[in-house]
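What the coordinates show
These are the residues of each chain, in order.
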Amino acid sequence: MTQISYGLFSELLLVRIHGRAEAYLQASSAERLALVAACRGEATVPDLAQRILSRTIYAQASSRIGPLRELLQNALDASPPGARIDVRSTEDGREISVADQGRGMSRTELLADLLVPFRSGKAGEPDAIGEHGIGFFSALEIAPWIEVVTATPSGGHRLLVAPLGAGPPYDDFSWTLLSLPRSSAAPPPGLAGAAAPPRRSTTGTSVRLSLAQPISRPALAAEVASAVGLVDPAVARIYVDGALVNTARARLRRAAEVPLRLPPSGELCGAIELLVGRGEGVEPQLTITQKGLTVAARIDPFPGPELGLHRELARAITAAGFGLVAELPLAVPLNKGRSAVAASTSTAVEAALVAAFERFILRDALYDRELLRAVDHRLSSVLDRLVQAALLGESVTIASAQAVDELDPGARTPTVAAPEQVIRFASGLLDAPLFRSIVVDAGPRPPGAALSPLLGQLHARSAPLTLRELLKAHRDGVLRPLEGSPPGPGRSAARAPLGAAAAPEAAGREAPGARPGELVYLAIDEPLAQAFWRRLATEGAASPPLAEAAAAAPQRPASAAPCPMPRTSRDALLSIAAEVPGVRAVAAAMTVIERLEAAISEAADLPTSPIWVHQDLYGPDEMAHTDGSGISVNLASSRVRTLLTAVLLRDDAVAFTALTDLLLHEKTHVSLASYVPRPTAEHGTSFYRRKDWMRRRLLAAIASGAVADPMRWLAVARRGLASAALPAPAELSRAFQSAAAAA
């Protein structure tokens, strides 16, 4: 084969289009010119090759990360498992290189595959990622001058690429190919101004880019990490200027796996793996990857109203600092820019992703104490809607198109509550044994005697009960609260923590619920049980441990007329409704809210906002509202009343963190109101990023002592408070109506 030393990209593509590529590679210089002229004469569009090149080069990537990912993808495909890949830059940021220890490229691969779009030498390789044959061209958009040095066991080559014409965009690119002696065939040891990498193998490829715009070393490290930070080190170890960047995989664990069938044949192409974790390098979002390379990142992973509960749960998990990673099978096709799944398979991938998320929640998250502990600020209202729906006889259905199969609720017993959103989209949890309970014989015992001292004398069994069974026990009048952790049969209360294994008969689910003549004792010191008791209290059930809370949070019948009250400051409230029973408790609660808001503002370097209260501004389901300046809390909301009563009665950490989340939510609206368009400020991407940032600032400020823990103000707010009972909404409404009539 005649050695070719010079040519144009457009010529290689043109002779390929006309089927004369082999003749072009074997021809002499004069013959090559004649072949190109003949092809141009036959072409209907004379500049078709230049147009294809321009579209291929300048219409792929939206940022510098895309070309870097493509070069690293080529290096991954060429490298053996666990090999080292080095990305290096000069001190001035004008040049970067990507070097691998792979198999290298021959002369034919360079000219027939690398420099010709839509041709790939990886066809038929099952573990290769690249498939379109255009990734190398995307690098020309950020680096018009490229040098490729490659070595194979049989020899080495040096390829130089340079632009032609004024640009960008450039009219064409020239290439020059030189053969290298075997002794110098290995890629160069490094760039000028950069530390030399470790000793290399005798084969491999180095791609050096002369950038159109310089890049700093920290920015390069960040961009490379965003593209390949989730690559498993067992696949390749990727270094940027000597520092390993793909370390995040060690912080992830596999949480779910769902088989994926591609349309229209329905052929099984592998499985989507869902991984979860948090820490350095794991972004709090859903990241879609393929062989660890980032394809797309989503702040809101589940669009559409039918997946609202999935979306809210994912937000709760990511707000706690956890990241979700969905690893796609290699058979899933991507678009040309590798920034999304191809449209032909997107529906199947989305359905599998929803199913994987549900499996993660149902089979994994329910048993992950660390994860649930991080999101338990939402646990105070876990059962709020579910119990209410169950009491009303409403059904709970799975929202996803692909149901979670083979669910065995009796396989393990969750020890902590799942967030409300989990239960709402998984009807199986209605019959999952989530509640650790004690079922005892209801035989004679002294009136008013506590249960714990009598357990050694009564026949008792530990039973993980379902929500359906608890509701039946409540309706039958045999449900009782149990102070402290429930013991197992024949053991004292002090020696049987709630997380202990159930008795064999309970673990096997052989004795569900309560039989005639038995009482069910449910603990009140777990978040799930607390949420259950709160809902029963708001429904008017008699629960002695929460009797005061039930009295303090009287509920209006659903059919009652609204009880409006305008936005009111604490001073105005005490002036107008001072004689209404419970107003002092509202004033105390407003003090707590003011201190909490002040702590959030100080941590985020924001001015404080005035705190008001109102009733039914936008209906009783609204918890709080802001107009961009101050924050107003709805006293007609049953959830708000439950939270305020809980923090006034005792140092309820769960209720206080839920109140903190409510204030963070409204303060985020305040902070965005002046400069973010309303559709974005109203629960858009910018909103949740800002809210997460404010939460992190608050936690960091409290941990460092820069801001006093606002929970300390609970004791101050309770001083001189005779009762934690809040006023009935109707009484407050009448007081303000009377004041308005008198005025």
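Thresholds applied
Throughout, a residue's number is its position along its own chain's written sequence, starting from 1. For a predicted model such as this one, the threshold for reporting local features is a pLDDT of at least 70, and the threshold for listing and counting side-chain atom pairs is 80 or more; totals across whole chains, interfaces and linings nevertheless cover every residue. Here the side-chain values reflect all heavy atoms present in the structure, with hydrogen atoms and water set aside. The helix and strand labels rest on DSSP assignments: H or I over at least four residues marks a helix, E over at least two residues marks a strand, and numbering proceeds from the N terminus. Between buried and exposed lies partly exposed: a residue is buried under 20% and exposed over 50% of the maximum accessible area for its type, with that area taken using a 1.4 Å probe on protein chains only. Throughout, a residue-residue contact means that at least one pair of heavy atoms, one from each residue, lies within 4.5 Å. Each accessible area is a Shrake-Rupley result for a 1.4 Å probe, and residues are judged covered by the shown protein chains and nothing else. Polar contacts, as used here, are pairs of N or O atoms within 3.5 Å; protein pairs need one atom able to donate a hydrogen and one able to accept it. Residues neighboring in sequence count only if both atoms are side-chain atoms. For two strands to count as paired, DSSP must find a minimum of two bridges between them. Working convention: axes come from line fits to C-alpha atoms, limited for helices to the stretch in contact. Angles between N-to-C directions cover 0 to 180 degrees. In these notes the angle categories are as follows: under 35 degrees is roughly parallel, over 145 is roughly antiparallel, 65 to 115 is roughly perpendicular, and the rest is oblique. Should the near helix be turned counterclockwise from the far one by less than a right angle, the crossing is left-handed, whereas a clockwise turn marks it as right-handed. Three classes are used, and their members are as follows: Ala, Val, Leu, Ile, Met, Phe, Trp, Tyr, Cys and Pro are nonpolar, Asp, Glu, Lys and Arg are charged, and the others, Gly among them, are polar. Within this scheme, the nonpolar core is defined by two criteria: the residues are buried Ala, Val, Leu, Ile, Met, Phe, Trp, Tyr or Cys, and they are joined through side-chain atoms within 4.5 Å. Any two rings among Phe, Tyr and Trp, with Trp reduced to its six-membered ring, count as a pair given centres within 6.5 Å; such a pair is stacked if its planes are under 30 degrees apart, edge-to-face if over 60, and tilted if neither.

1. Examining the overall build of the chain
- Of the regular secondary structure elements, the chain holds 25 helices and 22 strands.
- Counting over 743 residues, the chain shows a buried share of 52%.
- Restricting to contacts in the chain with at least 6 residues of sequence separation, those with at least 24 account for 70%.
- If you sum the accessible surface of the chain, you get close to 31800 Å²; carbon and sulfur atoms cover 54% of it.

2. A few points about the environment of Thr 203
- Considering the arrangement of structural elements, one finds Thr 203 in the loop between strand E6 (172-180) and strand E7 (204-210).
- Among the residues examined, Thr 203 registers a relative accessible area of 16% and is labelled buried.
- When the C-alpha atoms of Thr 203 and Gln 101 are compared, they prove to be 5.9 Å apart, with 102 residues separating the residues in sequence.
- Polar contacts involving the side chain of Thr 203 include one to the main-chain carbonyl oxygen of Gly 102, which spans 2.8 Å.

3. Some remarks on the sheet that holds strand E15 (residues 435-441)
- Strand order in the open sheet formed by 4 strands is E16-E15-E18-E17, and the pairing between neighbours is mixed. What marks the edges here is a single partner per strand, and that holds for strand E16 (460-465) and strand E17 (479-482). Neighbour-to-neighbour, the strand axes of the sheet open up by a mean angle of 35°, direction not taken into account.
- The pairing of E17 with strand E18 (residues 518-523) spans 4 bridges and is classified as parallel. The partner of Leu 479 across the bridge, within E18, is Val 520.

4. Points about the packing of helix H20 (residues 638-649) against helix H21 (residues 653-672)
- Two elements in contact, H20 and H21, have axes separated by 8 Å at closest approach and are oriented at 130°. Taken as axis vectors, H20 and H21 run oblique relative to one another. Between H20 and H21 lies a crossing whose hand is left-handed. Mapping the contact onto sequence places Leu 643, Leu 644, Ala 646 and Val 647 in H20 and Ala 655, Phe 656, Ala 658 and Leu 659 in H21.
- Partitioning the contact of H20 with H21 into residue classes produces 8 nonpolar, no polar and no charged.

5. Things to note about unusual backbone geometry
- The amide bond that connects Pro 263 to the next residue, Pro 264, takes the cis arrangement and shows omega of 0°.
- Here Pro 264 shows up in the loop between strand E10 (252-262) and strand E11 (267-277).
- Phi is positive for Lys 291, which is not a glycine, with a value near 55°.
- With respect to the element layout, Lys 291 can be found in the loop between strand E12 (286-290) and strand E13 (293-298).

6. Overview of the nonpolar core
- Ranked by internal contacts, the top residues of the largest apolar core, which has 57 residues, are Ile 146 and Val 224.
- Once residues lying within four places of it in the same chain are set aside, the contact partners of Ile 146 are Phe 136, Ala 139, Leu 140, Leu 159, Leu 160, Val 161, Val 207, Arg 208 and Leu 209.
- By size, the runner-up hydrophobic cluster in this structure holds 48 residues, among which are Val 583, Ala 588, Ala 604 and Leu 732.

7. What to know about the sheet that holds strand E1 (residues 6-8)
- The strand order across the open sheet formed by 9 strands is E1-E6-E5-E4-E7-E3-E2-E8-E9, and the pairing between neighbours is mixed. At either margin of the open sheet sits one strand with a lone partner, and together these are E1 and strand E9 (243-244).
- Two strands pair when backbone bridges link them, and strand E2 (residues 83-89) and strand E3 (residues 95-100) are joined in this way by 4 bridges, in the antiparallel orientation. Counted as the bridge partner of Asp 86 is Ala 99 from E3.
- Across the sheet, helix H5 (residues 65-78) touches E2, E3, E7 and strand E8 (236-240), and the angle it forms with E3 is around 20°.

8. Things to note about helix H1 (residues 9-17)
- Most of H1 sits inside the fold, with 7 of its 9 residues counted as buried.
- Looking one or two residues past H1, Gly 19 carries a phi angle of roughly 75°, positive in sign.

9. Examining the packing of aromatic side chains
- Across all of its chains, the model carries 5 aromatic pairs by this definition.
- Taking 5.9 Å as the distance between ring centres and 40° as the angle between the ring planes, the aromatic pair formed by Phe 9 and Phe 173 counts as tilted. Here Phe 173 lies in strand E6 and Phe 9 lies in helix H1, a separation of 164 residues in the sequence. Accessibility assignment for this pair places Phe 9 and Phe 173 in one class, buried.
- Ring plane angle 70° and centroid distance 5.9 Å describe the contact between Tyr 170 and Phe 173, whose orientation is recorded as edge-to-face.

10. A short note on the pairing of strand E14 (residues 323-328)
- Taken across its 6 residues, E14 has 6 buried, putting it largely inside the fold.
- Pairing geometry for E11 and E14, over 5 bridges, is antiparallel. Across the sheet, the residue bridging to Val 276 is Leu 324, located in E14.
- As defined by bridge partners, E12 adjoins E14 across 5 bridges and the pair is classed as parallel. Bridge assignment links Gln 290 to a residue of E14, and that residue is Leu 328.

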